[in-house]
Amino acid sequence: MSSDLKFETLLLSQDDVKSLITMKDVVEIVDKTFQGLGEGTVINPTKVNLDLGETASYPAYNGFMNAMPAYVGWLDSAGIKWAGGFLGERKKLGLPYVTSMILLIDPKVGYFKAAMDGAHITNLRTGAQAAVCMKYLHKGKNIKLGLFGAGMQGRTQTMAMAEVFDIEELRVYDINKEASIKFVEDMKDYVKGDIIVCDKPEEAAKGDAVVCFTQSKDKFIKDEWIKPGMVLLPMGSYQECEDEFILNADKLIVDHIGQCMHRGALAELHAKGKLSEDDIYATIGEIACGKKPGKESDSERILCLPIGTGCMDIAVATVVYQRALEKGMENKFIFA
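We now turn to the structure provided with this report. (Residues numbered from 1 in each chain as written. Predicted model: local features only at pLDDT ≥ 70, side-chain atom pairs only at ≥ 80, totals over all residues. Heavy atoms only, no water.)

As for the sheet that holds strand E13 (residues 251-254)
1) Next: Pairing within the open sheet is parallel, and its eight strands lie in the order E10-E9-E8-E11-E12-E15-E13-E14. The two strands at the open ends of the sheet, each matched to only one other strand, are strand E10 (194-197) and strand E14 (282-283).
2) Next: Against the sheet, helix H5 (residues 152-164) touches strand E8 (142-148), strand E9 (166-173) and strand E11 (209-212), its axis set at about 165° to E9. (Pairing = 2+ DSSP bridges. Helix = DSSP H or I, 4+ residues; strand = E, 2+ residues; numbered from the N terminus. Contact = heavy atoms within 4.5 Å. Axes fitted to C-alpha atoms, helices over the stretch in contact; angles between N-to-C directions.)

A word on the pairing of strand E4 (residues 63-72)
1) Next: In terms of burial, E4 is a largely internal element, eight of the 10 residues being buried.
2) Next: The pairing of strand E2 (residues 42-43) with E4 spans two bridges and is classified as antiparallel. Bridging from a neighbouring strand, Ile43 pairs with Tyr71 of E4.
3) Next: Across 10 bridges, the pairing between E4 and strand E5 (residues 77-86) is antiparallel. By the bridge assignment for E5, Val72 is matched with Ser77.
4) Next: In this antiparallel pair of consecutive strands, E4 and E5, the connection spans four residues, and Asp76 shows a positive phi of 45°. (Buried < 20%, exposed > 50% of the residue type's maximum accessible area, 1.4 Å probe, protein only.)

With respect to the pattern of salt bridges
1) Next: Inspection of every chain in the model, using the stated rule, returns 21 salt bridges.
2) Next: The partner of Arg155 in a salt bridge is Asp186, with the nearest N and O atoms 2.7 Å apart. Remark: Asp186 occurs in helix H6 (residues 177-187) and Arg155 occurs in helix H5; sequence separation between them is 31 residues.
3) Next: The class for Asp186 is partly exposed, based on a relative accessible area of 30%.
4) Next: Here Lys251 and Glu296 are joined by a salt bridge, their closest N and O atoms 2.7 Å apart. Residue Lys251 is located in strand E13, and its partner Glu296 is located in the loop between helix H11 (284-288) and strand E15 (302-305); the two are separated by 45 residues in the primary sequence. (Salt bridge = Lys/Arg side-chain N within 4 Å of Asp/Glu carboxyl O.)

As for the packing of helix H4 (residues 119-137) against H5
1) Next: Closest axis-to-axis distance for the H4/H5 pair is 8 Å, and the angle between their directions is 45°. On the basis of the axis angle, H4 is oblique to H5. Taken as a pair, H4 and H5 cross one another with a handedness that is right-handed. Taking contact as the criterion, the partners of Thr122, Asn123, Leu124, Thr126, Gly127, Ala128, Ala130, Ala131, Met134 and Lys135 in H4 are, on H5, Met152, Gln153, Thr156, Gln157, Ala160, Met161 and Val164. (Parallel < 35°, antiparallel > 145°, perpendicular 65-115°, else oblique. Left-handed = near helix turned anticlockwise from the far one by under 90°.)

Given below as structure tokens:
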């Protein structure tokens with residue numbers, strides 16, 4: 001290789017990212033990437049977890065980091081997200097829970113095209129995942145939602161759902177009622193109907209879909225709360241619903257089978273040998289690309305688990321990178 005051959009790596013801050021992408025964009029990107037997963041043109045290895053005290057006793061930093069590589073065929077781009085969440089010292093400092101960086105490479109040559117903050121992309125694509133799932137699991141333009149967790153992810157879930165549906169009712173529950181009240185003020189422009197602050201958790205478990213994004217380690221969602229026709233999306237890091245619902249659900253749908261066996265709602269039952277990959281009805285990608293039907297009956301109770309895949313981050317980051325080049329952003333360093 002000639003020593004004169006140089007490559008440029010574009011550096012993008014969180015403010016740069018925010019100026020280049022919208023939730024509407026991200027919903028479309030996530031949809032295309034789910035289709036690619038189903039078609040086999042997106043490669044997404046299982047994420048690698050580094051436990052920094054999230055559940056492990058050592059080191060006791062009350063956090064974790066995930067390494068999430070992927071190749072996205074429809075954009076011909078590859079990269080890795082290095083991201084996690086911390087509730088210890090980071091929370092004491094008043095910093096957001098999520099911390100994240102994304103590196104993009106040219107998949108042919110292997111040079112680093114970009115390095116960018118990944119927190120905003122993580123928040124947007126996580127919200128978009130649930131909305132895209134419901135696009136394939138709910139008929140009609142109007143939707144009623146139940147939401148557990150009135151934090152950042154509760155907001156991005158709502159923003160994304162509003163891109164796909166007209167939200168005619170949203171019920172929200174958070175252990176911090178003040179957070180729910182602030183949520184109503186912040187999200188009122190996204191919800192066409194009423195936003196109802198719930199005093200008890202069971203009051204929020206109503207609607208066409210119930211989305212959970214909490215840090216709870218308790219299985220607080222009861223089997224009997226999820227009525228026929230409802231979809232539960234437990235998207236937190238731990239098991240937010242009791243075993244009975246998982247075992248009794250008509251369909252289990254996931255974004256990544258191998259990954260969902262080891263983290264999130266299905267991990268404990270899988271570890272106990274009560275649940276296997278054979279119990280998964282379909283991946284979201286298989287439904288998105290038409291290989292399998294989604295909801296086939298108005299009486300089905302469905303658990304849908306988009307726990308999060310690196311390919312979504314790489315896809316969004318690639319579009320951000322392309323737009324940065326189009327706008328002539330020049331914060332770069334030379335990569336030899």
